[in-house]
Amino acid sequence: MHRGVPGSHGVYETALHSVKHMGDAFIAGLPKCELHVHLEGTLEPGHCAALAGRHGLAAPGDRPGAYDGLADFLSDYYAALDCLRDEQDFFDLTAAYLGTARRQGVSYVEMFFDPQAHTSRGVPFDLVVSGIHRAQEDARMRGGPGSALILCFLRDAGAASAKSTLEAASPYRGWILGVGLDSNEEGHPPDEYAEVFAAARAAGFRLTMHCDPLQADAVTHLWQCLELIGVDRVDHGVDCLRDERLCEQLRRRRLGLTFCPLSNLRLYGDLMGEAVTEMLARDLLVTVNSDDPAYFGGYVADNYEALADAAHLDRADLARLARASFEASWLPAESKAAHQRAVDDYLSGG
Ligand code: ADE
Ligand code: ZN
């Protein structure tokens, strides 16, 4: 068990590693794209306590600094969601994240939300999506970051629930760019969701799926993502390094892998910096992301910093990762190229 103690200023310290926040001006200013962040995982403890007070709920307990794996983390994550109840709550959650992302140099983000975690508590789908969308538009009008939304199905809620969630999403096709699969992977391989993902593809959604690190049957799950589901990206996916052929396929298809350093550290006690070094050496399209920043001790720039320290990355490496983040996004080609030029100009001091 890697439980730590809450530190001051909302920064969580563990015996494993203490996270510096935005100390590196180069990283803070580097234009970057975030592709793996759960909006619900950006709910800071203070915000959660304020919402609980507003809704007359008991104050949430302290969060530990680290968890004993995915299932241990998810029980805290779902418990905290009870304080998200009305449209304004979803607006505020999203607005707070987008404001932080902007300060961390994010120019564009594709972010997850978990509608079933709200509809199962009686919070209507439309209210959740409307609050999030209003904050996205508000941020856009204030100069960014630009953002797109990915609806995640909860893999432990079953295919029938995913199917009805996809139906609920169909009027919002214009507001939702893609669908993903998250929550507890144990006993829930991608093939359980093949039909609903095929329907999502037919409806025009882009596809991604979580393949969390160190899960049982990780390599089989990754192959199913590629061969059966036909994903457009893979979330986490670090276990691909165990299979030479899988790496080759990922490289040839230029499929993005959304690596999450502080998530790895707080869930598994290892940031996995050597894995990134190896992925870069194999020319895989690896990107850096925060996953659940309010739980794992840092937003995306903090993840770049922690990774740079652990894997001894220089500025050119960091710029390569930032370029990759735009390449792996689902932006149109011209837009990707414009963002990548901004990275190049930044690196060359222009
Ligand atoms: N839901 C929120 N964060 C998650 C993660 N890291 N893995 C799987 N499901 C999640
Ligand atoms: Zn995730």
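So, how was this worked out
- Residues numbered from 1 in each chain as written.
- Chains lettered and ligands numbered in written order.
- Predicted model: local features only at pLDDT ≥ 70, side-chain atom pairs only at ≥ 80, totals over all residues.
- Heavy atoms only, no water.
- 1 Å grid on protein atoms, 1.4 Å probe; cavity = no way out; pocket = protein on both sides within 12 Å on 5 of 7 lines; lining within 4 Å.
- Points joined across faces, edges and corners; volume = space filled by probe spheres on them.
- Helix = DSSP H or I, 4+ residues; strand = E, 2+ residues; numbered from the N terminus.
- Near = heavy atom within 4 Å.
- Polar contact = N/O pair within 3.5 Å; in protein donor to acceptor, adjacent residues only side chain to side chain.
- Areas by Shrake-Rupley, 256 points an atom, 1.4 Å probe, with all protein chains shown as cover.
- Sits in = over half its atoms within 2 Å of the grid points.
- Nonpolar A, V, L, I, M, F, W, Y, C, P; charged D, E, K, R; others polar.
- Donors = N, O, S within 2.8 Å, 3.2 Å for Na, K, Ca; no water.
- Tetrahedral: all angles 85-135°; square planar, octahedral: opposite > 155°, others 65-115°.
- Buried < 20%, exposed > 50% of the residue type's maximum accessible area, 1.4 Å probe, protein only.
- Salt bridge = Lys/Arg side-chain N within 4 Å of Asp/Glu carboxyl O.
- Core = buried A, V, L, I, M, F, W, Y, C linked by side-chain atoms within 4.5 Å.
- Contact = heavy atoms within 4.5 Å.
- Pairing = 2+ DSSP bridges.
- Axes fitted to C-alpha atoms, helices over the stretch in contact; angles between N-to-C directions.

**Thoughts on empty space enclosed by the protein**
Okay, so step 1: Going through the model one piece at a time under the given rule, you end up with 1 cavity of 30 Å³ or more.
Okay, so step 2: Lining the largest cavity we find 17 residues, and of these His38, Leu70, Phe73, Leu74 and Asp292 sit closest to its centre.
Okay, so step 3: At the level of elements, α3 (70-80) and α11 (261-268) are the ones that each hand at least two residues to the lining of the largest cavity.

**What about the site of ligand 1?**
Okay, so step 1: Around ligand 1, the neighbouring residues are His38, Leu70, Phe73, Leu74, Tyr77, Asp182, Ser183, His210, Asp212, His236, Asp291 and Asp292.
Okay, so step 2: With respect to ligand 1, the backbone of Ser183 contributes an N or O atom lying 2.8 Å from a nitrogen atom.
Okay, so step 3: Between Asp212 and ligand 1, the recorded distance is 3.0 Å, taken from a side-chain N or O atom to a nitrogen atom.
Okay, so step 4: For ligand 1, the protein covers 100% of the area, taking 260 Å² as the surface of the free molecule.
Okay, so step 5: Under a 2 Å grid-point criterion requiring more than half of the atoms, the pocket assigned to ligand 1 is the largest cavity.
Okay, so step 6: Here the shell around ligand 1 gets 4 residues from one element, more than from any other, and that element is α3.
Okay, so step 7: Grouping the constituent residues of the shell around ligand 1 by class yields 4 nonpolar, 4 polar and 4 charged.

**A closer look at the coordination of the zinc ion (ligand 2)**
The textbook angles at a metal center are 109.5 degrees for a tetrahedron of four donors and 90 or 180 degrees for an octahedron of six.
Okay, so step 1: For the zinc ion (ligand 2), the protein coordination sphere consists of His36 (NE2), His38 (NE2), His210 (NE2) and Asp291 (OD), at 2.0 to 2.3 Å.
Okay, so step 2: In this structure, the zinc ion (ligand 2) is surrounded by 4 donor atoms whose angles at the metal cover 84 to 175°, and the resulting shape is irregular.
Okay, so step 3: One chain supplies every donor for the zinc ion (ligand 2), spaced along it as H-x1-H-x171-H-x80-D. One end of the pair, His38, is in the loop between β3 (32-34) and α2 (45-54); the other, Asp291, is in the loop between β10 (285-288) and α13 (293-296), and 253 residues separate them in sequence.
Okay, so step 4: On the accessibility criterion, Asp291 (4% relative accessible area) is buried.

**Considerations on the pattern of salt bridges**
Okay, so step 1: Counting across every chain of the model gives 20 salt bridges.
Okay, so step 2: In this structure, Asp82 and Arg85 form a salt bridge, with 3.0 Å as the shortest nitrogen-oxygen distance.
Okay, so step 3: You can call Asp82 partly exposed: its relative accessible area is 33%.
Okay, so step 4: With a closest N to O distance of 2.9 Å, Arg142 and Asp138 form a salt bridge.
Okay, so step 5: Shared partners join several salt bridges into a network, and the residues in it are Arg54, Asp86 and Asp89.

**Comments concerning the nonpolar core**
Okay, so step 1: Grouped together as the largest cluster of nonpolar side chains are 109 residues, with contacts concentrated most on Phe113, Phe197 and Cys240.
Okay, so step 2: Ranked by residues supplied to this core, first place goes to helix α14 (residues 300-311) with 7 residues.
Okay, so step 3: Apart from residues lying up to four places away in sequence, Phe197 is in contact with Phe153, Val179, Gly180, Leu181, Leu207, Thr208, Met209 and Ile229.

**Here's the deal with the sheet that holds strand β5 (residues 146-154)**
Okay, so step 1: With parallel pairing, 8 strands are arranged side by side in an open sheet as β3-β4-β5-β6-β7-β8-β9-β10. A strand with exactly one partner marks an edge of an open sheet, and here the two such strands are β3 and β10. Ignoring strand direction, the axes of neighbouring strands in this sheet form an average angle of 25°.
Okay, so step 2: As defined by bridge partners, strand β7 (residues 206-211) adjoins strand β8 (residues 233-236) across 4 bridges and the pair is classed as parallel. Considered in β8, the bridge of Cys211 is made with His236.
Okay, so step 3: Across the sheet, helix α9 (residues 218-229) touches β7 and β8, and the angle it forms with β7 is around 165°.

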